[in-house]
Amino acid sequence: SVPASIAASLSTGARQGLLMKGGVVIEAAAKTGIVAFDKTGTLTQGRPRVTEVVAFGRSEAEVMELAASVETGSSHPLALAIIERAKSHAVLVRNATEAKAIPGQGVTGMLDGTAVFVGAPRHAMTRATFGNDAKSAAEQLEAAGKTVAVVIADGVLIGLIAMRDEPREDAAAAVAELKAMGVRSLMLTGDNARTGGAIAGSLGMEHKAELMPEDKVAAVKTLAAEGAVMMIGDGINDAPALAAASIGVAMGSGTDVALETADAAILKSRVRDVPAMIRLARATMGNIR
Ligand code: ADP
Ligand code: MG
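This is a predicted model, so every value here is computed, not measured.

A few words on the domain arrangement of the chain. According to the domain assignment, the chain consists of domain 1 (2–45 + 167–288) and domain 2 (49–164). The C-alpha centroid of domain 2 is placed 32 Å from the C-alpha centroid of domain 1. Taken residue by residue, the interface counts 13 residues in domain 1 and 13 residues in domain 2. When residues of the side of domain 1 that touches domain 2 are traced back to their parent elements, those giving at least two are helix 3 (39–43) and helix 9 (193–203). It is helix 9 that provides the largest number of residues to the side of domain 1 that touches domain 2, a total of 5 residues. Looking at the side of domain 1 that touches domain 2 residue by residue, the classes come out as 4 nonpolar, 6 polar and 3 charged.

Structure below.
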């Protein structure tokens, strides 16, 4: 019977760490035409590491001390990467005053009377003048799939911190599997277009970059108007985009908020569980018909 095959599929899924909240979700998942993925922590490991520091007119240690001390005001993965790099290079990390995160942009704070900003190059343009050296260094790092944080002290650009967050090992295979099933894959990211494009290109998928959290919601809504869109995300920031999708799937050790908003969850952080979930949903609906 119909309820029995749905119940069987729900429990088959659950044994593999694929949770779906009922038959309505299975039905929607079976119709998925496009999967939109958040980048950081979903397609990538979510653990960016600093690969290089470029200093302008200051020592690398000074750049890192100012940057890391201000990043204490943020819990973003990039903030953790900068703080970790400072500590492992014996740079003193202090608590900046008035340190506060600006979502989708970076962080600001005061250290020893110096106003510091650390964040995305495109949001740094209005805060400091970029020399040609800084501009071309940032562009080269981004073309290599690295995320660049610009460090500005009292309105002067003093450094660039490059970080790389490696794609999960099974991400490219998952995208290929979806493609073979006739499902499109799209990466949504707040990162810049060069970095996002480099990573999406290496995974063989489409991308939309430089999205503020509300832009991700708008992008998902636009897609959902065209067909069934499954959105895969992990963090608190993704909850609104998960809610806007036909099916919102929380991946990994997602926060309680994301899990609550989600229609489904993938508990083992395997990107290949995305095609597995769609395949299970299709098989279930096929049995019913
Ligand atoms: P993502 O979609 O990759 O999770 P976010 O929307 O969180 O990105 O942030 C967008 C961009 O803003 C990041 O790629 C980064 O350039 C910048 N950014 C955000 N928070 C920070 C921070 N604490 N330190 C440095 N840069 C940051
Ligand atoms: Mg994110």
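From this point, the discussion proceeds with the structure in view.
What follows is about unusual backbone geometry. Here the phi dihedral of Asp 112 falls at roughly 50°; this positive angle occurs in a residue that is not glycine. Its place among the elements puts Asp 112 in the loop between strand 5 (106–111) and strand 6 (114–119). Look at Glu 210: it is not a glycine, yet its phi comes out positive at around 55°. Note that Glu 210 resides in the loop between strand 10 (206–208) and helix 10 (213–226).

Criteria and thresholds
- Residues numbered from 1 in each chain as written.
- Chains lettered and ligands numbered in written order.
- Predicted model: local features only at pLDDT ≥ 70, side-chain atom pairs only at ≥ 80, totals over all residues.
- Domains from an automatic or database assignment.
- Contact = placed C-beta atoms within 7 Å.
- Helix = DSSP H or I, 4+ residues; strand = E, 2+ residues; numbered from the N terminus.
- Nonpolar A, V, L, I, M, F, W, Y, C, P; charged D, E, K, R; others polar.

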